[in-house]
Amino acid sequence: MVWHLPLTGRLMQRSGVRIAILIIALMLAVAGAWEVYRTLAKDHVPTDATAQFLAQYWAHPLAPQGEPPPGFSSLEASLAPESCGACHPEQYADWRTSLHSHSIGPGMLWQFRVLSQDESNSCLRCHAPLAEQKALMALQQGWTNAPKTPAPAYVSSDLHLRGLVCAACHVRRHQRYGPPADKPNAQDAQNPAPATGQPHNGFIAERAFQDSRFCATCHQFPPQGRSLAGKLVENTYEEWRTSLAAGQGLACQNCHMPGKRHLWRGIHDRTMVDKGLRREMIIKRISASRLAVQAIITAPGVGHYFPTYVVPKVTVTLELRNSAGTREIARHVIGRTVSVDMDRELSDTRIPPGGNSVVSAEVTVPPGANYIEMRMDIAPAEHYVRMFESMLERNPKMDPATQSMLREAIQKAEATAYRLDDLVVAVPARLGESQHAVAN
Ligand code: HEC
Ligand code: HEC
Ligand code: HEC
Ligand code: HEC
Ligand code: HEC
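Residues numbered from 1 in each chain as written. Chains lettered and ligands numbered in written order. Predicted model: local features only at pLDDT ≥ 70, side-chain atom pairs only at ≥ 80, totals over all residues.

Novice: Before we move on, could you go through the overall build of the protein and cite the residues and values that matter?
Specialist: When helices and strands are counted, the protein shows 16 helices and 16 strands. When each of the 440 residues of the protein is scored for burial, the buried share is 32%. Long-range pairs, those at least 24 residues apart, make up 72% of the contacts in the protein with a sequence separation of at least 6. (Helix = DSSP H or I, 4+ residues; strand = E, 2+ residues; numbered from the N terminus. Buried ≥ 20, exposed ≤ 12 C-beta atoms within 10 Å, placed from the backbone. Contact = placed C-beta atoms within 7 Å.)

Encoded structure:
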């Protein structure tokens, strides 16, 4: 028997929480966008095989897996990531450290307490997309449209809290799909039929797994999606398409899954960001006591805008350091800042592919040893910190359970901040002389 799964539900508001209206207004922008996308996808018949495959593979809402094929052991039928991990330990170990495995946390859960089931399902589309995950979430949240029968054995009880699980990317109706194997003689695109006799009847090899469009399903809004100042709020795939990286044949997977590893490092990771950037500082003595300082930041290792989303902010600070102490001489924020209600763009100073960000200052220096320091502070979740804090402030009567989740979400978002290694340059002694330093 197929587990009966809820995919819709009527709007339900909890405990009279007023902020619901606010968040709904904010988030429907996302949900609405995908409704349009679905209609569009129906009218628009993709031409090449990869696009055709992906349109079906990611057609939302994803269908329930249904009854496992006869002969599947309970391990083969299981959708739990640790079951996959029993035979694919490397992918499992990597995935556990990735943000894809943390895409359901307090930052999502507090919002589900005030959103309707439909609205929450529109979030789960990207954050925990399996039909079985939506069903478990419906049970946990007490949504009206929840399954009436217990979950079948292949649905582990915490699957909805595990985020973007292996099965969401690799399993449809209990059939495994994956990239063509590298090894000769292994099953490949020439032999795409599932093989019996192998665990989970082998897999169907699909080149789509190595195509950036595989990722675009969640990392790109459709053309009619939410825009601010004439630019889509999520536009990573389109940014990538016009980048030098795309021209060189580097797909999202080449940078974010090198060696097919399941790490998906991004703005939250110091090493990834450091490798993606080139930071240069030039200091010139323009008079006996004055300096011209210039910092130039480019992003040659990034395949889209740096950063791509409205969420992170990067602060560049230039400081003068000497025996008298440290003094800030310039500060510049790199990022796309939008209002907490996501109805206005406040600024967009991101570095486009091939572009740069220049911070300059002139400063008077005392005699003696002087240094200029370039600092770079990364706040990967700046928008959420600001938005969540404003929610708390504007809704003092929020129920205590939601409030404590929201506070936890703020703490977690703040804790993602870090600093790259400083670039420090000794000030040139003689007039006309310049000093120069580069990181990467
Ligand atoms: C009982 C062991 C076992 C379990 C459990 C298992 N797999 Fe596999 N899987 C294999 C083996 C063995 C292969 C190799 C087939 C080959 O290379 O021809 C494979 C192949 C694959 C491939 C294709 C790899 C490629 O080269 O493209 C994918 C994707 C995959 N499994 C995903 C999963 C996922 C997701 C789960 C959990 C939902 C899972 N597997 C559970 C044993 C297992
Ligand atoms: C966000 C989607 C996504 C998730 C989640 C995901 N994978 Fe993958 N997986 C991919 C893509 C894309 C590739 C192909 C990468 C490439 O070929 O460059 C891949 C490749 C693989 C392969 C083939 C590796 C090889 O060396 O041939 C296996 C096996 C696999 N995944 C298993 C898993 C398991 C197990 C999990 C969970 C622990 C998992 N995947 C989670 C997208 C995903
Ligand atoms: C089913 C939707 C979905 C698919 C498919 C998907 N992602 Fe994601 N991805 C997400 C979500 C949701 C997050 C945010 C997780 C969080 O922080 O809660 C994320 C986060 C990331 C991050 C982390 C960014 C950071 O802030 O550091 C990277 C990198 C990333 N994805 C790359 C990829 C690549 C590359 C692919 C294609 C192989 C891919 N994703 C496919 C939904 C998806
Ligand atoms: C089109 C795919 C998509 C949809 C739909 C979507 N998200 Fe996300 N979400 C993402 C991606 C991608 C990220 C990672 C952004 C980054 O790394 O900067 C993310 C990050 C987040 C984060 C910060 C990370 C975390 O886990 O705390 C929150 C909170 C969040 N989304 C909430 C929501 C809510 C609430 C909804 C529904 C109203 C929603 N999202 C709908 C793709 C999506
Ligand atoms: C040339 C390498 C490269 C390519 C290609 C690339 N990225 Fe990135 N990506 C990076 C680096 C480096 C970072 C970290 C700096 C940053 O955040 O921009 C990053 C960051 C991210 C982030 C973190 C969020 C943010 O606001 O920056 C996401 C999500 C992401 N990439 C998704 C994708 C997707 C989806 C694709 C394909 C359409 C892609 N990337 C292609 C190198 C690449």
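Novice: Could you give an account of the sheet that holds strand β2 (residues 175-178), naming the residues involved and the relevant values?
Specialist: An order of β1-β2-β3 is seen for the 3 strands of this open sheet, with the pairing classed as mixed. The open sheet has two free edges, formed respectively by β1 (171-172) and β3 (204-205), since each of these has just one partner strand. Bridge count for β2 against β3 is 2 bridges, and the pairing is parallel. Its bridge partner being in β3, Y177 is matched across the sheet by I204. (Pairing = 2+ DSSP bridges.)

Novice: Give me the lowdown on the nonpolar core, citing residues and values where you can.
Specialist: Core analysis: the largest hydrophobic core is formed by 39 residues, its most contacted members being V316, I372, Y384, F388, L406, A409 and A413. Of all the secondary structure elements, the ones that give two or more residues to this core are β6 (278-285), β7 (290-298), β8 (313-322), β13 (371-379), α15 (382-394) and α16 (400-414). Among all residues touching V316, those that are not within four sequence positions of it are A295, I297, H332, I334, V359, M374 and M376. Counting residues in hydrophobic clusters, the runner-up holds 27 residues, among them C84, W95, I104 and M108. (Core = buried A, V, L, I, M, F, W, Y, C linked by C-beta atoms within 7 Å.)

Novice: So what's going on with the site of ligand 5? Which residues, and what values?
Specialist: Of all residues adjacent to ligand 5, which total 26 residues, the nearest are C252, C255, G266, G276 and G303. Looking at the shell around ligand 5, the elements with two or more residues in it are α10 (212-219), α11 (236-241), α13 (252-256) and α14 (270-276). If you tally residues by element for the shell around ligand 5, the top one is α13, at 4 residues. Of the residues contributing to the shell around ligand 5, the split by class is 15 nonpolar, 11 polar and no charged. (Near = placed C-beta within 6 Å. Nonpolar A, V, L, I, M, F, W, Y, C, P; charged D, E, K, R; others polar.)

Novice: Talk me through the sheet that holds strand β12 (residues 356-364); I want residue IDs and the actual numbers.
Specialist: Spatial ordering of the open sheet is given by β12-β7-β6-β16, a layout of 4 strands whose pairing is antiparallel. If you trace the sheet from one side to the other, it starts and ends with β12 and β16 (434-439), each paired once. Each strand of the sheet is rotated relative to its neighbour by a mean of 10°, with strand direction disregarded. (Axes fitted to C-alpha atoms, helices over the stretch in contact; angles between N-to-C directions.)

Novice: Describe unusual backbone geometry, listing the residues and the values that go with them.
Specialist: Cis geometry is found at the peptide bond from H60 to P61, where omega equals -5°. In this fold, P61 is placed in the loop between α2 (49-57) and α3 (74-77). Omega for the bond connecting F306 with P307 falls within 30 degrees of zero, at -15°, which places this linkage in the cis form. Even without glycine at this site, K260 takes up a positive phi of about 65°.

This is a description of form; function is not addressed.
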